[in-house]
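# Coordinate analysis (summary)
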Amino acid sequence: MPLTDIQICNMALGHIGHTKFLADLSERSNEANVVNNFYTQAVEMTLESYPWPEATKYVTLGLVEEDPNDDWDYLYQYPSDCLYARRIVTTNGRVEPTPPPFITGYSESGRVIYTDEEDAVLEYTLRLEDPALFRPTLGEAISWYLAFLIGPGLAKDQKLTQGCFQVWQAMTSRAQQRAGNEQQHSQEIDSEAIRSRA
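These figures come from a predicted structure and were not determined experimentally. By convention here, each chain's residues receive numbers from 1 onward along its written sequence. Given that this is a predicted model, residues contribute local features only at a pLDDT of at least 70 and side-chain atom pairs are listed and counted only at 80 or more, while totals for whole chains, interfaces and linings are drawn from all residues. Note that water and hydrogens are dropped before the side-chain values are worked out from all heavy atoms of the structure.

### A closer look at the sheet that holds strand 3 (residues 74-77)
Note the threshold: Paired strands, as defined in this entry, are two strands with at least two bridges between them according to DSSP. Think of it this way: any DSSP run of H or I at least four residues long counts as a helix, any run of E at least two long counts as a strand, and we number them from the N terminus. Axis lines are fitted to C-alpha atoms, over the contacting stretch for helices. Their N-to-C directions set the angle, which ranges from 0 to 180 degrees.
Spatially, the four strands line up as an open sheet ordered 2-3-6-5, and their pairing is antiparallel. The open sheet has two edge strands, strand 2 (63-66) and strand 5 (102-107), and neither has a second partner. Going across the sheet, the axis of each strand differs from the next one's by a mean of 30 degrees, ignoring polarity. Relative to strand 3, strand 2 is paired through three bridges, and the arrangement is antiparallel. Bridged to Glu-66 within strand 3 is Tyr-74.

Here it is as structure tokens:
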């Protein structure tokens, strides 16, 4: 059954030992005010912390300008749904030993990406806002980070708040291990010297 934002928020309240749960995020209560202030931040910080499979996306970047400055050959538009730019993709894929460098910045056209890669394809973390698309592990991780953020304002025992951050770190680590089991890796490309010996 898909998660909802209210479930994630109530999980966070439970993590800090708070027993007054929310019926609706728009209700007029101190709990709702505090949770609403931090919910989006908790989602985005958790998504940024690791390349979650459900939030991974690839796109060919839209060219803004060639030779924008003396440092870079190409200037591309930053994808509007991008939360965190991860890497420029090459024909060698994930086994590329030296992926192309890039930086993000701002120009007259808004947020941009500078790189020397022609026809650049970006792997990035999507700004995933629908909790129904969160896997249980992601939803639970968000709830622990949210608990860490709301704890100072709502927890009776502040030790619980610090523990929430440690559980969040453990959750993201566990998610990384699980995601690693749900993919197939290509063989590493041998160096030219090794191939010539064969």
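Still more ground to cover, so stick around.
### A closer look at the pattern of salt bridges
Note the following rule: Only one rule defines a salt bridge in this text: a Lys or Arg side-chain nitrogen within 4 Å of an Asp or Glu carboxyl oxygen. When accessible area is computed with a 1.4 Å probe and restricted to protein chains, residues below 20% of their type maximum are described as buried, those above 50% as exposed, and intermediate ones as partly exposed.
One pass over the full model with this rule turns up five salt bridges. Put simply, Asp-81 and Lys-57 hold a salt bridge, and the shortest N to O gap is 2.7 Å. You can see Asp-81 sitting in the loop between strand 3 and strand 4 (82-89) and its partner Lys-57 sitting in strand 1 (residues 56-60), a full 24 residues away along the chain. The class for Lys-57 is partly exposed, based on a relative accessible area of 32%. Note that Glu-123 and Arg-87 form a salt bridge whose closest N and O atoms lie 2.4 Å from each other. On the criterion of sequence distance, the pair formed by Glu-123 in strand 7 (residues 121-126) and Arg-87 in strand 4 is long-range, its members being 36 residues apart. Assigned by exposure class, Glu-123 and Arg-87 land together as buried.

### Section: unusual backbone geometry
Phi is positive for Asp-67, close to 50 degrees, though the residue is something other than glycine. Locating Asp-67 in the fold gives a position in the loop between strand 2 and strand 3.

### Details of the side chain of Thr-172
The cut-off we apply is this: Throughout this description, a polar contact denotes any pair of N or O atoms lying within 3.5 Å of each other; where both atoms belong to protein, one of them has to be capable of donating a hydrogen while the other can accept it, and for residues adjacent in sequence the pair is counted only when both atoms sit in side chains. Any two residues having at least one pair of non-hydrogen atoms within 4.5 Å are treated as being in contact.
Structurally, Thr-172 is set in helix 4 (residues 158-181). A polar atom in the side chain of Thr-172 sits 2.9 Å from the backbone oxygen of Gln-169. Those residues in contact with Thr-172, other than ones at most four positions away along the chain, are Ser-49 and Trp-52.

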